[in-house]
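Structural characterization, general
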Amino acid sequence: MCGINGFITNRSSTKETLTSHIYEMNNLIYHRGPDDNGIFTDQHNGLAMGMQRLAIIDLNSGKQPIISDDGKIIIVFNGEIYNYLELKRSLENSGVVFKTQSDTEVILRLYEKEGANSFKKLDGMFAFSIYDKIKNKVFIARDFFGEKPLYYCESGNQFIWGSELKSVINRIGYKPDISTIGLNLYFRLTYTPCPYTIYKDVYKLEPNSYISYDLVDKTFKISQIEEESIPRKKNDVSFKEAKENVRNLVYDSVLSRSVSDVPIGTFLSGGVDSSVVSLCLSQAKSKPIDTFSIGFEKKSFDETDKSRVVANLIGSNHHEFIIGEKDLHENVHEILQNFDEPFADSSSLPTYLVSNKTRKYVKVALTGDGGDEVFGGYNKYYVGKMNHNYSRIIPKPLHNTLKRISSPLLKVSNDNRGLRYKINRLLTSIDYDGNYYWDIISLGFSNNSLDRYLLKEHWQEDIFEWYKEKTKIYKPNSLTDFRIIDKNISLEGDMLVKVDRTSMLNSLECRAPFLNKKIWNYTNSIPEKYLLKGWNKKYILKKSFENQFPKDFLEKSKSGFGVPVGDWLRSSLKLELISYVEHERIQKQGIFNSNNIKKLINNHLTGKEDNTFKVWTFYCFQKWYYNTYED
């Protein structure tokens with residue numbers, strides 16, 4: 001596990017200059033791999049590649065870069081390959097001799113044998129660069145789900161890539177303009193999914209893809225590692241057989257992701273996903289495992305009682321950390337700044353803290369991330385069913401009348417996310433034209449409120465067309481459609497970004513057993529009713545493991561990492577927030593409708609409305625803008 005960087009320049013550069021620049025990029029991502037670093041330069045091609053290493057496997061001989069025996073192929077690698085031992089055995093049987101015990105060398109040897117076609121055999125999370133002197137090309141690849149980040153840009157006479165935006169922007173040498181699409185994506189979603197970033201002409205490589213850069217022509221192209229399977233025909237497998245298959249797939253995935261030469265534990269929140277992962281890991285290990293949970297002084301946010309039940313059940317060495325508002329608030333600035341672009345998922349704050357506490361005990365933690373996307377666990381998946389039934393029964397004119405009448409009655413003035421909030425969110429998401437799911441994923445500003453409240457007209461952009469073309473899902477109407485959209489947008493752009501940046505800021509490696517191609521493809525091949533039965537989410541996952549937990553334990557609801565940012569914006573962050581809507585500042589930026597945004601924020605500050613999501617999204621953007629362009 002580490003971070004990688006690289007650049008190719010057309011300028012004449014000395015070896016010393018290339019070395020200096022790549023070390024400068026590496027230093028900016030030191031937190032991703034403080035154990036070691038390595039670089040490779042080729043003055044003839046103006047190429048430099050580097051990495052920072054967090055040593056997890058093959059602690060003594062896994063130093064990078066790794067170079068082939070003939071010196072013609074060089075690799076730097078970020079991530080973990082979970083099936084590397086299986087791949088290594090196969091290569092050894094064909095006569096390949098290994099010099100290290102690392103998974104990095106397995107990628108190199110596999111590439112030597114099969115070229116870029118070999119990337120599809122990798123089960124893991126990764127971003128890596130391979131320099132092939134024979135082909136005079138550089139290959140830069142990213143994993144199936146996008147667990148590991150990879151940014152790139154072509155700027156003037158340079159092609160640059162890296163694990164974090166900060167090192168890429170540093171190599172560009174100036175702060176690029178804001179991307180109109182990136183800006184709209186952020187304010188609709190509260191984050192910016194690939195291929196876009198907040199910066200114009202700076203991109204994220206799509207998951208399951210690779211760049212091939214031709215060092216002769218100075219051109220590049222992006223290719224899919226393999227065609228993503230989107231099954232439309234469901235298998236006629238029995239529920240009993242499907243349960244057994246799910247149980248085996250999950251257990252095997254946990255086992256494969258538990259290979260480590262350093263201490264390993266699990267995040268245990270007490271929800272279905274983390275409980276199942278912790279159970280499986282405890283069964284795979286001969287000694288008690290370490291589990292870690294975070295609780296809150298504010299009892300309405302605290303759910304440590306659930307994690308204690310599981311910890312007692314599996315006999316783990318359980319570590320429980322209780323935090324207060326002060327603990328969360330004093331880390332806000334460092335956490336938000338480390339994302340390098342606006343990011344408004346407030347659960348990043350407790351995720352950072354649990355990572356910080358966990359790193360004092362272990363170097364690797366298994367998580368339950370991806371369970372909702374893979375097994376159908378989000379409340380928003382109900383919306384499809386509701387929208388379908390509602391729009392068939394209630395005529396559109398009647399719906400518009402109901403929404404108009406109910407809107408004033410459903411306004412909320414606190415942050416408890418209660419029934420009125422949920423009903424209002426549902427009513428505003430109902431759509432008669434097949435766009436409801438594209439609307440429900442917008443946690444920030446809806447398309448209409450972007451027009452009405454926030455952005456000046458020349459900044460407005462239709463932002464979902466690229467994703468509709470990418471997924472070929474124009475009017476989502478099935479659970480499979482919803483899950484595929486989430487895999488491409490919210491999983492890559494939000495969930496995985498949150499965990500990667502907050503954990504790596506603490507030099508902690510997080511692994512997600514549910515993010516496994518075999519599990520994903522299998523849950524896409526079984527009947528949807530096995531995933532969402534009536535109102536029972538993740539039905540097959542819970543049924544597969546229910547006999548190993550107390551009765552009805554997996555049916556208990558869980559709130560997740562709630563953070564009272566709405567309260568903070570009215571108290572400790574109020575003065576800073578107000579400074580961001582000063583007329584002169586807003587006018588100078590030229591992005592926002594000043595009067596409308598002031599009204600929105602004032603209604604929140606006075607308690608007239610609960611605009612937490614919108615105001616927090618605006619606050620996070622302005623904080624990034626200040627640190628980037630004004631500070």
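Above: the structure in question.
Remember, it's a predicted structure, so these values are computed and weren't measured experimentally.

Analysis parameters
Residues numbered from 1 in each chain as written. Predicted model: local features only at pLDDT ≥ 70, side-chain atom pairs only at ≥ 80, totals over all residues. Heavy atoms only, no water. Pairing = 2+ DSSP bridges. Helix = DSSP H or I, 4+ residues; strand = E, 2+ residues; numbered from the N terminus. Axes fitted to C-alpha atoms, helices over the stretch in contact; angles between N-to-C directions. Buried < 20%, exposed > 50% of the residue type's maximum accessible area, 1.4 Å probe, protein only. 1 Å grid on protein atoms, 1.4 Å probe; cavity = no way out; pocket = protein on both sides within 12 Å on 5 of 7 lines; lining within 4 Å. Points joined across faces, edges and corners; volume = space filled by probe spheres on them. Nonpolar A, V, L, I, M, F, W, Y, C, P; charged D, E, K, R; others polar.

1. Concerning the sheet that holds strand E17 (residues 509-511)
Strands sit in the order E15-E14-E13-E16-E17 across an open sheet of five strands; the sheet is parallel. Looking at strand neighbours, the two that pair on one side only are strand E15 (317-323) and E17, the edges of this open sheet. Averaged over neighbouring strand pairs, the angle between their axes works out to 30° when direction is ignored. Relative to E17, strand E16 (residues 364-366) runs parallel, the two sharing three bridges.

2. With respect to the pairing of strand E5 (residues 73-81)
Burial runs high along E5: nine of the nine residues are buried. Relative to E5, strand E4 (residues 66-67) is paired through two bridges, and the arrangement is antiparallel. Looking at E5, one finds that Ile 66 is bridged to Ile 75. The antiparallel hairpin formed by E4 and E5 contains five residues in its connecting segment, where Gly 71 sits at a positive phi of about 75°. As paired elements, E5 and strand E6 (residues 124-132) share nine bridges and run antiparallel to each other. Within E6, the residue paired with Ile 75 across the bridge is Ile 130.

3. As for empty space enclosed by the protein
By the definition in use, this model includes nine cavities of 30 Å³ or more. Each pocket or cavity is described by its volume, and for the largest cavity that value is around 120 Å³. Looking at the largest cavity, it is lined by 15 residues, and the ones nearest its centre are Met 125, Glu 147, Val 499, Asp 500 and Cys 510. Examining the composition of the lining of the largest cavity, we find that five residues originate from one element, helix H19 (residues 479-504), more than from any other. Classifying every residue of the lining of the largest cavity gives seven nonpolar, two polar and six charged.

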